[in-house]
Amino acid sequence: MALGSLAVDADFGLKGAKDCPVTGAKLPLIIFSHGRGGFFGQHHDTAEALADAGFVVAAINHPGDTAHDSSRRDTLSVLGSRPADMVRLLDFMLKDWKDRAVVDPAKVGFFGFSLGGFTGLVLMGTRPDFARVAGLCKETTGACAQLHNGETPPDPIQDARIRSAVIVDPAPGLLTRENLAAVKVPFQFWRSQLGGPGVGDGSGTARVADGLPGKPEIHVVPAGHFAFLAPCSAELAAAIPRICTDVPAGFDRAAFHREFDAAVVTFFREQLAGGDR
């Protein structure tokens, strides 16, 4: 399917049938939250794997924080608007979508990458530690300037309809052992060993992993942050090499994603579909 203006700088090979009929009943639903400056299709292979396994999958662009819209990207407001975006998406899928009758509202899962992973943890009960980040902030513009001026976003929105989650390399700055303790929803946690833009050198997500409540399933991947994005087509790699170039140089993103997608499907099956799909 050609996406035209909906795609980033190159179409990325989305495979599907527009307006195809939805079959089944009481299907589990997974909602996707992309990373900072990303877009709804950056995890399309994982979404496709879930759809093929019998899940309904919905992904959106976060207004003000996408590849083509940076109007909120460096402001505190995006930390409040992102969770609200996902609540609106979930409201639409359960109340207004034309095929809402096929979805089981008691089987809702969340997938989030980078700032999307942070978004999911907020929706599941985490209250960001803005005082901690204010103490670490060195910049004099954007969100750091707002924090130094004493500004904080309103209390973030939470959503008890989310029953399980896959959290991938979340932005670690606002996360602590104390505020993560509020999360009672089962989740699978992935982190990159080498880190990258938005997550630092990997030590921050390692700290977060060490402070996670309960005993979540944790995966450490010997690669950089962008390894979790869908494998790139030749056109996308030429257009945006930054997100398509892996570290270390020999890392096989396509092979990793076969394992990654299968593990995500298995987790959500066990949590939401009773292992019967």
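Throughout what follows, the structure given in this document is the object of discussion. Given the structure is predicted, the values throughout are model-derived calculations rather than measurements.

## Let's talk about the overall build of the protein
Helices and strands together make up the secondary structure of the protein, namely 10 helices and 6 strands. In terms of overall size, the protein behaves like a compact globule, its C-alpha atoms giving a radius of gyration of 18 Å where 277 residues would be expected to give roughly 19 Å. With respect to the principal axes defined by its C-alpha atoms, the protein has extents near 50 × 40 × 35 Å. With 277 residues in all, the protein has 52% of them scored as buried.

## Describing the state of the cysteines
Formally, a disulfide is one covalent bond, and it connects the sulfur atom of one cysteine to the sulfur atom of another. Scanning all chains against the criterion turns up 2 disulfides. The side chain of cysteine 137 participates in a disulfide bridge whose partner is cysteine 144; the two sulfur atoms lie 2.0 Å from each other. As the torsion about the S-S bond is roughly -75°, the cysteine 137-cysteine 144 disulfide counts as left-handed. Residue cysteine 137 shares its accessibility class with cysteine 144, and that shared class is buried. The disulfide bridge from cysteine 232 ends at cysteine 244, spanning 2.1 Å between sulfur atoms. Between cysteine 232 and cysteine 244, the S-S dihedral sits near -85°, and the bridge is therefore left-handed. Of this pair, cysteine 232 sits in the loop between strand E6 (217-221) and helix H8 (234-239) while cysteine 244 sits in helix H9 (residues 241-244), and the two are 12 residues apart along the sequence.

## Considering the pattern of salt bridges
Applying the stated criterion across every chain yields a total of 7 salt bridges. Between lysine 98 and aspartate 99 there is a salt bridge whose closest N-O contact spans 2.7 Å. By relative accessible area, which is 18% here, aspartate 99 ends up buried. For arginine 161, the salt bridge identified is with aspartate 159, shortest N-O distance 2.7 Å. The class of arginine 161 is partly exposed, set by a relative accessible area of 23%. Using a relative accessible area of 9% as the deciding quantity, one classes aspartate 159 as buried. Residues joined by salt bridges that share partners form a network here, namely Asp91, Lys95, Asp159 and Arg161.

## Topic: the sheet that holds E6
Spatial ordering of the open sheet is given by E2-E1-E3-E4-E5-E6, a layout of 6 strands whose pairing is parallel. This sheet does not close on itself; its edge strands, each paired only once, are strand E2 (56-59) and E6. Adjacent strand axes in the sheet meet at a mean angle of 20°, parallel and antiparallel pairs treated alike. Pairing analysis gives 4 bridges linking strand E1 (residues 27-33) to E2, with the strands arranged parallel. In the strand pairing of E2, isoleucine 31 is matched with alanine 58. Helix H2 (residues 77-96) contacts E1, E2, strand E3 (103-113) and strand E4 (162-168) of the sheet and is inclined by roughly 155° relative to E1. Each of E1, E3 and E4 is contacted by helix H3 (residues 115-123), which is oriented at about 135° to E3, the strand it contacts most.

## Quick notes on the pairing of strand E5 (residues 187-192)
On a regular strand, each side chain points to the face opposite its neighbour's, so the side chains alternate between the two faces of the sheet. With respect to burial, E5 is a largely interior element, 6 of its 6 residues being buried. Every second residue of E5 is oriented toward a common face, with Phe187, Phe189 and Arg191 on one face and Gln188, Trp190 and Ser192 on the other, all of them buried. Looking at chain direction, E4 and E5 are connected through 4 bridges and run parallel. Bridging across to E5, valine 168 finds its partner in tryptophan 190. Two strands pair when backbone bridges link them, and E5 and E6 are joined in this way by 5 bridges, in the parallel orientation. Following the sheet pairing, tryptophan 190 is matched in E6 by histidine 219. In terms of handedness, the path from E5 via helix H7 (residues 203-210) over to E6 forms a crossover that is right-handed.

Conventions adopted
- Residues numbered from 1 in each chain as written.
- Predicted model: local features only at pLDDT ≥ 70, side-chain atom pairs only at ≥ 80, totals over all residues.
- Heavy atoms only, no water.
- Helix = DSSP H or I, 4+ residues; strand = E, 2+ residues; numbered from the N terminus.
- Rg over C-alpha atoms; globule rule 2.2 N^0.38 Å.
- Buried < 20%, exposed > 50% of the residue type's maximum accessible area, 1.4 Å probe, protein only.
- Disulfide = S-S within 2.5 Å.
- Salt bridge = Lys/Arg side-chain N within 4 Å of Asp/Glu carboxyl O.
- Pairing = 2+ DSSP bridges.
- Axes fitted to C-alpha atoms, helices over the stretch in contact; angles between N-to-C directions.
- Contact = heavy atoms within 4.5 Å.
- Right-handed = clockwise from strand over helix to strand, strands pointing away.

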